[in-house]
Structure formats: structure tokens, C-alpha cells
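# Structure at a glance
For reference, the chains in residue letters:
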Amino acid sequence: MNKPQDARQYAPATQRNREPILEILTQVLPTDGSVLEIASGTGEHAVYFAPRLSPRQWIPSDPNPLHCASIAAWSKHLPSENLQPPLEIDVRQPVWIVEKEALFATSPLTAIVNINMIHISPWTACLGLMAGASRILSSGGILYLYGPFKRDGKHTAPSNAAFDESLRAQNPEWGVRNLEDVVTAASRDNLSLVNVYQMPANNLSVVFKKSC
Ligand SMILES: C[S@@+](CC[C@H](N)C(=O)[O-])C[C@H]1O[C@@H](n2cnc3c(N)ncnc32)[C@H](O)[C@@H]1O
């Protein structure tokens, strides 16, 4: 059997979580401006969200060139006028590529969306995300996180505990984060917690706002 002829990758979880995530994004994202998606992965979320969240500009990104190729391939397959080409961004970089280019001259960056990254990367990635969001978000801009979290240092479900263990076995620097630690890190970078939403499969949506 021939393999697909393009670079599209597939992450089945995106099919399951995209609707509940979209529901929250529709409520919490500012109605205009640009949304930078950090850690877009395959790009399946980007092609699903962009047309549904128009007229906002959707800017996908990922540090992995293969993921950027997948995002570009998905964008070609399911084009959307407001979906921008993917950028290579590793949140641990002290300066992100968007800071070097006048990307937001016509459409200010009003939100950053980050789905399922901070537990599958070292804690320094979470800190880099907060620092970058604080540097580049417009005043009052939104940072949206989605994924599993511990609360008060405890897992909220046995499945999350098992997932945490499997993450740490893959890489000791990975692991399900404690919500309170994430909120504390965010507050050091002028990002205040606005709301926490319980999501399917023991995940949370966590929304921060950049203080003026
Ligand atoms: C589990 S995938 C999630 C992808 C996508 N958001 C989704 O929900 O399907 C984790 C993603 O985080 C990205 N990532 C890991 N470390 C990163 C970092 N330091 N900066 C930005 N992205 C990172 C990976 O390249 C990968 O695409």
C-alpha cells in the first residue's frame, strides 16, 4: 500500500478534543487581532480552528521542522484565508521569531493558545512560554492553556497519574504540572488567572490575562 504523498501527520486526540476546546476559545478569545498557536503539532487543530474563529488571524508554530511541514501540508489541504504559514518557535528561545518581524503591525497579538505542551516538555518550556507571552501579548491579551494538571499537588484522576508516570519514564523532565505552580509562574510574568474550565478526559482549560 502506498503511503500518503504529503507531509500531513495525524494525532487522533485532536479529533476528540477540538470541539470542547473550540467552545471555550469562542468564549474567551478577544473578537479580533491575531492568535499565535504555540506547539501546533500536526496542524490539525490549526486548520479546524482558523476558519471557525475568523476574522482573527491564526498563526501556527512548532519548533519541530517535521511538524511545521505537517502544518503547511494540512493548510494546503484545508486552506483558510486567515490561516498564516507556520513559524518555527521554541518557547525557550529568549527572543521568538515573531518579535523580529513586524508580524503584528496590522493585526495586534491578542491571544496565545497552547494545547498539550507543558507536560510534554521540560518545566523551562512552561517558564519560556510565560516569559514570551508577557513580552509579546498586547495589554489585556489572553494566554490559553489546555492539558492535564495536578491540583494542590494531587492528581485529579488515576488515568492522569498513570499518564504522568509514563511521561516521566520517557523523559524525567516531563510530567503533569501542578496548576498552582503554573499560576505562580504566570503571575511572575504579569499574567493573571482568569478562569479554569473542567474539560473531558480529566483535562483543564486554563485562561490567563496579561495585566496592563
Ligand atoms: C503532544 S504535542 C501537542 C501538539 C498539539 N498542540 C496537539 O494538541 O496535538 C506537544 C508539542 O509540543 C511541542 N513542543 C515541545 N517542546 C516545545 C518548546 N520548547 N517550544 C514549543 N513547542 C514545543 C512539540 O514539538 C509538539 O508538537
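Okay, so let's go over this structure.

Parameters at a glance
- Residues numbered from 1 in each chain as written.
- Predicted model: local features only at pLDDT ≥ 70, side-chain atom pairs only at ≥ 80, totals over all residues.
- Heavy atoms only, no water.
- Helix = DSSP H or I, 4+ residues; strand = E, 2+ residues; numbered from the N terminus.
- Buried < 20%, exposed > 50% of the residue type's maximum accessible area, 1.4 Å probe, protein only.
- Polar contact = N/O pair within 3.5 Å; in protein donor to acceptor, adjacent residues only side chain to side chain.
- Contact = heavy atoms within 4.5 Å.
- Pairing = 2+ DSSP bridges.
- Axes fitted to C-alpha atoms, helices over the stretch in contact; angles between N-to-C directions.
- Core = buried A, V, L, I, M, F, W, Y, C linked by side-chain atoms within 4.5 Å.
- Near = heavy atom within 4 Å.
- Nonpolar A, V, L, I, M, F, W, Y, C, P; charged D, E, K, R; others polar.
- Right-handed = clockwise from strand over helix to strand, strands pointing away.
- Phe/Tyr/Trp six-rings, centres within 6.5 Å; stacked < 30°, edge-to-face > 60°.

## Here we look at the side chain of serine 121
Along the chain, the position of serine 121 falls in the loop between strand S3 (109-115) and helix H5 (123-136). Accessibility expressed as a relative area gives 9% for serine 121, which makes it buried. Reaching out from serine 121, the side chain makes a polar contact with the backbone oxygen of methionine 117 at a distance of 2.8 Å. The residues touching serine 121, leaving out its near neighbours within four places in the chain, are Glu173, Trp174 and Arg177.

## Let's talk about the sheet that holds S3
The six strands are arranged S2-S1-S3-S4-S8-S7 in an open sheet whose pairing can be described as mixed. Of all strands in the sheet, those with a lone pairing partner are strand S2 (57-60) and strand S7 (191-199), marking the two edges. Between one strand axis and the next, the sheet turns through 20° on average, direction left out of account. Note that strand S4 (residues 142-147) and strand S8 (residues 203-210) share six bridges and pair antiparallel. Across the sheet, the residue bridging to glycine 147 is leucine 204, located in S8. Relative to the sheet, helix H2 (residues 44-52) contacts strand S1 (34-38), S2 and S3, its axis offset from that of S2 by approximately 175°. Packed on one face of the sheet, helix H7 (residues 179-188) meets S4, S7 and S8 and runs near 15° to S8.

## Description of the nonpolar core
One finds Leu36, Ile38, Trp96, Ile112, Leu129, Leu143 and Leu145 to be the most contacted residues of the largest nonpolar core, which totals 31 residues. Only S1, S3, H5, S4, H7 and S8 provide two or more residues apiece to this core. In terms of residue count, H5 provides more of this core than any other element does, six residues in total. Residue contacts for isoleucine 112: discarding those within four places in its chain leaves Leu36, Ile38, Trp96, Leu129, Ala133, Ile136, Leu137, Ile142, Leu143 and Tyr144. The next biggest cluster of nonpolar side chains, apart from the first, holds 25 residues, and it includes Leu25, Tyr48, Ala50 and Ile115.

## Here's the deal with the site of the ligand
Contacts to the ligand come from 18 residues, most closely from Ala39, Asp62, His67, Asp90 and Ile115. The separation between a nitrogen atom of the ligand and a polar side-chain atom of aspartate 90 is 2.9 Å. For the ligand, a nitrogen atom lies 2.8 Å from a polar atom in the backbone of isoleucine 115. When the residues that make up the shell around the ligand are grouped by side-chain class, the tally is eight nonpolar, seven polar and three charged.

## Quick notes on the pairing of S4
Judged by how many residues are buried, S4 sits mostly within the fold: six of six residues are covered. Burial of the side chains of S4 extends over both faces: Ile142, Tyr144 and Tyr146 are buried on one face and Leu143, Leu145 and Gly147 on the other. Alignment of S3 against S4, held across five bridges, turns out to be parallel. From the neighbouring strand, isoleucine 112 faces S4, where its bridge partner is leucine 143. Since S3 and S4 lie parallel, the crossover through H5 that links them has a hand, and here it is right-handed.

## A short note on the packing of aromatic side chains
Given two aromatic rings, one states the distance between the centres and the angle between the planes to describe the pair. Tallied over the entire structure, the rule returns three aromatic pairs. Note on tyrosine 10 and tryptophan 74: the rings are 5.3 Å apart at their centroids and 75° apart in plane angle, and the pair reads as edge-to-face. Taken together, the residues span a long stretch of sequence, with tyrosine 10 in the segment before helix H1 (12-28) and tryptophan 74 in helix H3 (residues 65-77) at a distance of 64 residues. Taking the centre distance of 6.0 Å and the plane angle of 65° together, the rings of tyrosine 48 and phenylalanine 49 count as edge-to-face.

## Things to note about the pairing of S8
Each regular strand carries side chains that alternate between the two faces of the sheet. Within S8, seven of the eight residues are buried, which leaves the element mostly enclosed by the surrounding structure. As paired strands, S7 and S8 are joined by eight bridges and run antiparallel to one another. Directly across from asparagine 195, in S8, lies its bridge partner valine 207. With antiparallel pairing between neighbouring strands as the criterion, S7 and S8 make up a hairpin whose turn holds three residues, including alanine 201 at a positive phi of roughly 60°.

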